[in-house]
Amino acid sequence: MSEADDGAGRYALLLITGATIIDGGGAPPVGPRDILIANNRIQAIAPVGSFKDQPVQRTIDAKGMYVMPGFVDTHGHLGDPEKAPNSEYAYKLWLAHGVTSVRGVGFTFVPNDPGLIDAERSARGEITAPRLFAYGVFGAHWGEAPPTTPEAARNWVRWAKQQGYLGVKFIGPTTEPVFAAALDETKKHNMGSIAHIAQTWVADINGAQAAQLGLSGITHFYGHFESLLDGVTIQKFPIGYNYADEQDRFARVAELAKQSVAIGSDEWNAYLDILIENKVTMSPTFNIYSAGRDLAKAQRFVWHDRYTLPSLMKFYTPSTVNHGSFFFDWTTAKEIAWRNFYQKWFRLVRDYVNKGGRVTVGSDPGFIYQTWGFAYVGELEMLQEAGLTPLEVMRAATIDGAREIYEPLGQTAPIGMVRAGMLADLVITPEDPLQNFKTLYGTGHMRLNKETGTLQRVGRVRWTIKDGIVYDAHNLLADVEAMVQSQGAN
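The structure displayed is predicted, hence computed values, not measured ones. Starting afresh in each chain, residues are numbered from 1 along the sequence in its written order. With the structure being a predicted model, the display of local features is reserved for residues of pLDDT at least 70 and the display and counting of side-chain atom pairs for 80 or more, all residues being used for whole-chain, interface and lining totals. Hydrogens and water molecules were not included; the side-chain quantities draw on all heavy atoms of the structure.

Draft legend 1. Focus on the overall build of the protein chain. Going along the chain from the N terminus, every DSSP run of H or I of four or more residues is numbered as a helix, and every run of E of two or more is numbered as a strand. Along its length, the protein chain carries 16 helices and 19 strands. Here the C-alpha atoms of the protein chain give a radius of gyration of 22 Å, agreeing with the 23 Å that 2.2 N^0.38 yields for 490 residues. Along the three orthogonal principal directions, the C-alpha set of the protein chain runs to about 70 × 55 × 50 Å. Here the protein chain, with 490 residues, has 59% of them falling under the buried criterion. Accessible surface area values rest on a Shrake-Rupley calculation with a 1.4 Å probe, where residue burial reflects the displayed protein chains alone. For the protein chain, the accessible area works out to roughly 19000 Å², and carbon and sulfur atoms hold 49% of it. The charge count treats Lys and Arg as positive and Asp and Glu as negative. His and the chain ends do not count. Here the site of a charge means NZ on Lys, CZ on Arg, CG on Asp, or CD on Glu. In the protein chain, 45 side chains carry a positive charge and 52 a negative one; their mean positions are 4 Å apart. The globule rule used here is 2.2 Å times the number of residues to the 0.38 power, and the radius of gyration it is set against is calculated over C-alpha atoms. We call a residue buried when its accessible area falls under 20% of the maximum for its residue type, exposed when it is over 50%, and partly exposed in between, using a 1.4 Å probe and counting protein chains only.

Draft legend 2. Just a nonpolar patch on the surface, in detail. For patch building, the residue pool is restricted to those with more than 30% relative accessible area and no salt bridge; the joining distance is 9 Å between like charges and 5 Å between nonpolar side chains (Val, Leu, Ile, Met, Phe, Trp, Tyr). Just to be clear on terms, a salt bridge is a Lys or Arg side-chain nitrogen sitting within 4 Å of an Asp or Glu carboxyl oxygen. A surface patch of nonpolar side chains, amounting to about 300 Å² of accessible area, comprises Met-446, Leu-448 and Leu-455. Along the chain, Leu-448 falls in strand β16 (residues 445-449).

Draft legend 3. How the structure looks around the packing of helix α3 (residues 150-163) against helix α4 (residues 176-188). Convention adopted: a line fitted to C-alpha atoms gives each axis, helices being fitted over their contacting stretch, and angles between N-to-C directions are expressed from 0 to 180 degrees. The interhelical angle for the contact between α3 and α4, taken along N-to-C directions, is 35°, at an axis separation of 8 Å. Classified by chirality, the crossing of α4 by α3 is right-handed. Residues Pro-150, Ala-153, Arg-154, Val-157 and Arg-158 of α3 form the contact with α4, whose own contacting residues are Pro-177, Val-178, Ala-181, Ala-182, Asp-184, Glu-185, Thr-186 and Lys-188. The nonpolar class holds Ala, Val, Leu, Ile, Met, Phe, Trp, Tyr, Cys and Pro. Asp, Glu, Lys and Arg form the charged class, and all remaining residues, Gly among them, are polar. Classifying every residue of the contact of α3 with α4 by side-chain character gives seven nonpolar, one polar and five charged. Rotating anticlockwise by less than a right angle from the far helix to the near helix defines a left-handed crossing, while the corresponding clockwise rotation defines a right-handed one. Throughout, a contact is declared for two residues whenever any of their heavy atoms are within 4.5 Å.

Draft legend 4. View of the sheet that holds strand β7 (residues 71-76). The sheet built from eight strands is open, its strands ordered β7-β8-β9-β10-β11-β12-β13-β14 with parallel pairing. Looking at which strands have only one partner, the edges of the open sheet turn out to be β7 and β14 (358-359). At least two bridges found by DSSP between two strands is the condition for calling them paired. Pairing geometry for strand β8 (residues 99-105) and strand β9 (residues 131-137), over five bridges, is parallel. The partner of Val-105 across the bridge, within β9, is Tyr-135.

What follows is the structure, encoded as structure tokens:
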């Protein structure tokens, strides 16, 4: 990991001038405005020229550009020696795409979790990295057997708190008494909780039951559709199904679309009401399964050549060993089934937002052709495909993500909006992402100039500001490209 020499500042006074502001809270864009930042906090926002007498140390000319809160990724992982051995690779890709905060669920699954160490180093400004919020994976990390009794569950949560974890990620399976005890203990210690309610667990505890037991958040789709099964209580798996065969596991997920109740039915709405009543946050991670509906597209994303490590591409390649590399014989029928499943999943999320539910943006990168940073922008696009308006997507990516992290801690989110008094985590882009989220990709967006008849590459994040430190996003991408080229040459 390099030292934090990739950014400049903090500055006693930093001025961003001439920008249009997308504040993150849902308000329409407004501009041009000047933003005055003192060290690591937004001091004031005012019409252009209002701060001309201030002794600023640096001015960023953002005329014609857009300023947003730093993006929050609520579902992050780091790599491992097989696919992305240097965490600097992930951190710089996140920052280059405007992601200034990442919740690791978990960053790793091993003892002596490096995500905990990096979280502290990032907070001290010692490394080039987003803000890192580490959740422990229930039963992991401590080098002992997973808890099998309520008391052992409480002991593990207390241990995790002492290590510095801010919350717990459940992936199951575990019994209801153990799960309930662990959730109760997290609340006693102001810790968050989120669950991937795996198929090996979901027949015992589905989304509705988990919410009523006190779970704070559900990631992916697991648990939702098993709460909505029509006429049965367990998904109807075919004879010969084997969960350990990942193509079998993931292909059969799409059958939940036909086995669950109708969109908008009484049962559908009753389930959403349970989630609302218990204040559960959805982090869908649409992007991480999107290769299932269009494998060829995912395998040929335009950024793979320049920004995906050769070791990571090798990990993505179909394999019986690597998690998520399950496309052994992926068929047209399987893709169609996944496209149909997505329509129902999209509608569940759209309806949840309409009822007042909170949805956040998680990318789950490093699996299934989803590379850090690029995967996050893909999730923004898919939330819009699900029916969220661009401003709703922006709210999910900023203040709602921040609130999901900070509320369990008993704190008001100090990030997530462009307002006076908030910390200076910001993204500056030359194009309006509300018009086209594709302009946020590190590869930019190709647009035809009708006057010259030539294609022009537009967009990309220009600057990312985290903790008041200004990062040149183009330089971060150049660093990543050099890592890719270096590994390919060895």
